[in-house]
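What follows is the residue order along each chain.
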Amino acid sequence: MNIIYLHGFKSSPLSIKGQQLDDYCRCYSSHCVHLPDLNQHPQLVLDQISALIEKLPDVALVGSSFGGFYATQLVAKYGVPAVLINPAMRPWQLFSNLFGIEQIPYKINEQWTLDRLQLDYLEAIAVPFVQDADKILVLLQQGDEVLDYRDAERYYSAAPHTSLIMTEMHGNHAMEDFADKIPMILEFLSYSVK
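Asker: An account of the pattern of salt bridges is requested, with residue identities and associated values reported.
Answerer: Counted according to the given criterion, the structure contains 7 salt bridges. The closest approach of N and O atoms between D148 and R150, which form a salt bridge, is 2.9 Å. With a relative accessible area of 32%, D148 lands in the partly exposed category. Look at R150 and you get partly exposed, because its relative accessible area is 42%. One salt-bridge network, in which partners are shared between bridges, spans R90, D151 and R154.

Structure follows, in structure tokens:
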């Protein structure tokens, strides 16, 4: 299985969860983990990940926060399975709230500045309901200090498009116990890959 790990906003391919997943798969499985850098224009990100999905066999996604948003859109397009970790539901709104209208465009790094057109793009591509919902496992923690877990619960549990959701008390946005969940994540993805 080829697992594409989609990191969160302002994170990187060196994110702790991505590295934990990669290390585990190297030690205990034959799965290959791909860790692309998503710190660029959202359309370029989706083009890059789409190219990977189309090139590789037996693809599955693991997306954290903003990466969870991307994963949801890619599941809708390709029907690949995904595990989402505290996924961002409306990143265009989140970024507007975080940075304020007066701070956008917001420089993320030397190559990428987030602007209003990109926020509009994110809103335009967001699927209105979960597609291939049975191929998605959503991991939420109520202690998430960045996102309201209830938004994801509502979206991913809306009938008839209901995904498997695990909501834990406490925790945080980073989901610091992620490493403990890797065997379960791999079992779900292995079962769901066609």
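Asker: Run through helix α4 (residues 91-99), naming residues and quoting values.
Answerer: What α4 keeps buried is the set P91, W92, L94, F95, S96 and F99. On its buried side, α4 packs onto α3 (66-78), β5 (106-107), β6 (113-114) and α5 (116-125).

Asker: Which residues make up the environment of T113, and what are the values?
Answerer: Within the secondary structure, T113 sits in strand β6. The class for T113 is partly exposed, based on a relative accessible area of 35%. For the pair T113 and Q40, spaced 73 residues apart in sequence, the C-alpha separation works out to 8.0 Å. In this view, T113 contacts P105, Y106, K107, I108 and Q118; residues no more than four positions away in its chain are not counted.

The rules we used
Residues numbered from 1 in each chain as written. Predicted model: local features only at pLDDT ≥ 70, side-chain atom pairs only at ≥ 80, totals over all residues. Heavy atoms only, no water. Salt bridge = Lys/Arg side-chain N within 4 Å of Asp/Glu carboxyl O. Buried < 20%, exposed > 50% of the residue type's maximum accessible area, 1.4 Å probe, protein only. Helix = DSSP H or I, 4+ residues; strand = E, 2+ residues; numbered from the N terminus. Contact = heavy atoms within 4.5 Å.

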